[in-house]
Amino acid sequence: MPDAGGHEDSERWPTTGSWSELSGSARDAVQAGRITGGVHFHSPALHPSGEPARRDPPRQLPSAPRGFVNRTEQLAELDAVLTGMDGPFGADSDSGGIGTSPDAGTADGGTDRREPAATVCLIAGTAGAGKTSLALRWAHRVSGAFPDGQLYVNLRGYDPGSPLSGGQALRYFLTSLGVPAPAVPQDLDAAAALYRSLLANRRVLVLLDNAATTAQVRPALPGTAGSLAIVTSRERLPGLTIRDGAHRLTLGVLPEPEAVALLRAVTARHRHGDDPELLAQLARLCARLPLALRIAAERAAVHPHLPLGRLIDELRDASGLWDALSAGAGDGDEAEAVHTVFAWSYRALPPPAARIFRLLGLHPGQGFGLDAIAALSGTERRRARQLLDTLVGAHLLEQSGPDRYTFHDLLRAYALDQAERDETVQERGEALRRLLDWYLHGVAAARSRLSPDGAPVTLDRPGEGVPAVTFADYDQAVDWTETEYANALPLARAAERAGERRRLSLLATLLHDALPPSGGAAGWLPIGTAGLRAARAEGDRAVEALLHERLGMTHTQAGRAATAGEHHKRALAIRRELGDAHGVAESLNLLGVTELRDRRLGEAESWFVRALGQWDMLGERHRYALALANRGETRYRAGLLDRAESDVREALSVFAGMGPAGLRPRGNALHLLSALQNEAGRVGAALASAKEAVDLALELRFHIGEAYWLITLGNAQRANGLPHDALAGYQRSAALHRRLGLRGREALAWWETGQTYLALGRPDLAAGFARRAAAVQRELGDAWHEALALELLARALEAAGDGDAAAAETGTDTEAEAAAADPRSAAAQHRAAALRLLTPYEDARSVALRERLTALLA
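Only a predicted model underlies this, so the values are computations on that prediction, with no experimental measurement involved. (Residues numbered from 1 in each chain as written. Predicted model: local features only at pLDDT ≥ 70, side-chain atom pairs only at ≥ 80, totals over all residues. Heavy atoms only, no water.)

Just give me the short version of helix α30 (residues 723–740), but keep the residues and values in it.
Think of an α-helix as 3.6 residues a turn; residues three or four steps apart then line up on the same face. Its 18 residues give α30 an end-to-end C-alpha distance of 25 Å, which sits within 8% of 26 Å, the value for a rise of 1.5 Å per residue. For α30, the tally of buried residues reaches 16 of 18 residues, placing the bulk of the element in the interior. Immediately beyond the C-terminal end of α30, within one or two residues, lies G741, with a positive phi of roughly 80°. (Helix = DSSP H or I, 4+ residues; strand = E, 2+ residues; numbered from the N terminus. Expected span 1.5 Å × (residues − 1). Buried < 20%, exposed > 50% of the residue type's maximum accessible area, 1.4 Å probe, protein only.)

As structure tokens, then:
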């Protein structure tokens, strides 16, 4: 139930957002199996060291270029960056010439462990010189020397749109290395420090492509030897060589023999017997730049019977069509050659292909799919594919996957320039509106699968020529959102620049309920904020309220309860002003969730009671049940078990009749029922309820539910004498929560693991997990769960006796050393700290825990 913000947190679990705020499409199951003997997880996901979960090393390099021309000297120079070599690193007989394969690693296929002579290598050169191709060719050849992964990002430094900032690149790399998106520090220096720490003692190759400034790359540079960053840029970036000790390789145009060899490589299967002198003339006309050479060679290949001299004459005639790229392509003859080849190729296109090429310059995203291009151009899908094949064949567009395409930044600039020349303002506006309509209706279709119980939002009919977007099932919808989500923010910015306020506000509203599992709500925040501005400017108060609601939910998930509360109160005020009774009830429920997150149980129940009255008056039984489950959660946390169970069972009876929309809330209610049954001693029933909840999550491929309800299942398994099964479930839960970025719940899995180890007679391990759980909850500002973790730590230290083992598990920090010296004194200190943390809470559970701690301290 995405819009009501149903809350699933039980008494002992951290509140990091509602179960409805994320959905998953793929399961991340870490199988531990049955554990016997000395029980100890070695899983990084659960070890109390605080390191991000280790997963398969990132392998992000795009495919190696085909038909790569020697560049023998430059490859040798790059090889020399890796020290201690007798010759080119892993070179094959022709050092990587045309037709060779991009072998990774050493020549014998092993993993080379030599240290790079520098930590940064800059490949500089004019536009179209083949900097990226050289970097990728070499990176694939030496990837075996970097077994801990290869990172890649296109910084888009010369793209007509907004380039990637150093902070954005850093965030992308940190999440690729296993850091959950919400855990990435907002401060750039702190994020860079974390990144350098993660790369320390690892061997990672980092390729920073198309940088325009030093500021774009410096945050993502490795801090120690062992890892290597390759930077490509049109600029010399002197700051990198002066301050960061970068090795600079300046890439010029190809020597004429290699330029002719590239022409021959592309045309070999189509043309035979071309005069070597004419090939040399063609190479010179292309300024011996690889990009221009490939485009010209493809033109020659598709006209195998046309004399090469005729093609050269046509190329000379095209030289005046375009004076300069708006983004700049270099200086002098080289720039003119690129311009000339582009114009020559563009003029040779059939008019329909030329039109679709220039309209592609209006697409603000990095990559685009066939249906998006059909919408942008107003072209039937099959015809659009034929025209795109024409562009790919002319090397004016790159195909990156099935029905997926991308531009070289120079060609994008040229296409945009041609669109501004040849398309009227009205035509350009209509094309953008068709693209926005396609994306908007696609998001709406995905939302109907991912969040079928979402608040109704009315869309205008899409413009003529916009293909319909439909999904046969949940998985198709998730696949679409995973693919297209990267274009959401560029499209939102384009809509804002174009004054498309209604489309922008609706896009932001719908997208919140259709986020891909890997995206999370953090990336939606700037879109939601822009959508809110648009809704205000448009005077659409209803959508403004919806966006305040979504922003409130997003801030709740991020742990910013105060900001969330402000958004929900604004939404409530607008809805009261509009007389929107349904919206008022939604806001009342969400304000209760915000109070529940901070354990203000009295205030939370008050909001839920008001929401229940509103839903009852409206006759909305399913919404009533969601608020009822939330009140049951509140009562459970307050220790009112009988009243809580009554609420939960009544909610379950309603969910049973809701069809597919009731499955997630039913799983949530079952997990809460299991906790109630467990505490009441009905452990068999608790196990059955928890199993049913987890089975529902697996059936729905609902990641956040699976991760959270596994903890409930583990608690029931432990109560039924199955501690080993419980430990395996906690391990899976921690891995999933880390992937989702829910650090508080990951810490909860650690805490429950510590409880289980203590019951198994391993207080040393229990202390380690309790200490780490307390540290995370302290960082998140969750005083209640920090107090619980400190209470467990105190018991574990006492049980460990001399404390030596506990200190060994948690490092040699001052606190651990003190615990080893006097474990009982350390336990008392932790209990005193827990007692202080519990001071603000007046519910029955908090009072009982304070009394117990006070008695122990006395």
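The rest of the description comes next.
Hey, could you go over the packing of aromatic side chains for me, with residue numbers and the actual values?
This model, assessed by the stated rule, comprises 14 aromatic pairs. Residues F357 and Y414 carry aromatic rings whose centres are separated by 6.2 Å and whose planes lie at 45° to one another, so their mutual orientation is tilted. Taken together, the residues span a long stretch of sequence, with F357 in helix α12 (residues 351–360) and Y414 in helix α15 (residues 409–422) at a distance of 57 residues. Taken together through their ring pairs, the aromatic side chains of Y346, F357, F368, F407 and Y414 make up a single cluster. A cation over an aromatic ring shows up here: R664 above the ring of F702, its NZ or CZ 4.1 Å from the ring centre. Directly above the ring of Y708 sits R745, whose terminal nitrogen or CZ lies 4.1 Å from the centroid. (Phe/Tyr/Trp six-rings, centres within 6.5 Å; stacked < 30°, edge-to-face > 60°. Lys NZ or Arg CZ within 6 Å of the ring centre and 35° of its normal.)

Report on the sheet that holds strand β8 (residues 404–406), specifying residues and quantitative values.
Taken in spatial order, the 3 strands make up an open sheet running β6-β8-β7, and their pairing is antiparallel. The open sheet has two free edges, formed respectively by β6 (367–369) and β7 (398–401), since each of these has just one partner strand. Averaged over all neighbouring strand pairs, the angle between strand axes comes to 40°, with direction disregarded. Bridging between β6 and β8 involves 3 bridges; their strand directions are antiparallel. For F368, the partnering residue across the bridge sits in β8 and is Y405. (Pairing = 2+ DSSP bridges. Axes fitted to C-alpha atoms, helices over the stretch in contact; angles between N-to-C directions.)

I'd like a rundown of unusual backbone geometry, residues and numbers included.
You will see that N201, though not glycine, has its phi angle at about 65°, which is positive. Checked against the element boundaries, N201 lands in the loop between α4 (188–199) and β3 (205–211). A relative accessible area of 83% means that N201 is categorised as exposed. A positive phi angle is found at R599, which is not glycine, with a value near 60°. Examined against the element boundaries, R599 turns out to sit in the loop between α23 (581–597) and α24 (601–618). For R599, a relative accessible area of 5% corresponds to the buried category.

Requested: an account of the pairing of β3, with residues and values cited.
By the criterion of burial, β3 is predominantly enclosed, with 7 of the 7 residues buried. Sheet topology note: the strand β2 (residues 150–154)/β3 ladder contains 5 bridges and is parallel. Each bridged residue has a counterpart across the sheet, and for V153 the counterpart in β3 is L208. Pairing analysis gives 5 bridges linking β3 to strand β4 (residues 228–233), with the strands arranged parallel. Its bridge partner lying in β4, L208 is registered against V231.

I'd love a proper account of helix α36 (residues 823–837), names of residues and values included.
The terminal C-alpha atoms of α36 lie 21 Å apart, and with 15 residues this matches the ideal 21 Å at 1.5 Å per residue to within 8%. Listed in full, the buried residues belonging to α36 are P823, A826, A827, H830, R831, A833 and A834. In an axial view of α36, the angular spread of the buried residues amounts to 160°, which keeps them on one side of the axis. α36 presents R824, Q829 and R836 as exposed residues on the side facing more than 90 degrees away from its buried surface. (Arc of directions from axis to C-beta.)

Tell me what's going on with the pattern of salt bridges, and back it up with residues and numbers.
Under the definition given, this model contains 47 salt bridges. The partner of R743 in a salt bridge is E779, with the nearest N and O atoms 3.0 Å apart. Linking R743 in helix α31 (residues 743–759) with E779 in helix α32 (residues 763–780), this pair joins segments that are 36 residues apart in sequence. Classification of E779 as exposed rests on a relative accessible area of 55%. Where salt bridges share partners, they join R447, D513, E549, R550 and R575 into one cluster. (Salt bridge = Lys/Arg side-chain N within 4 Å of Asp/Glu carboxyl O.)

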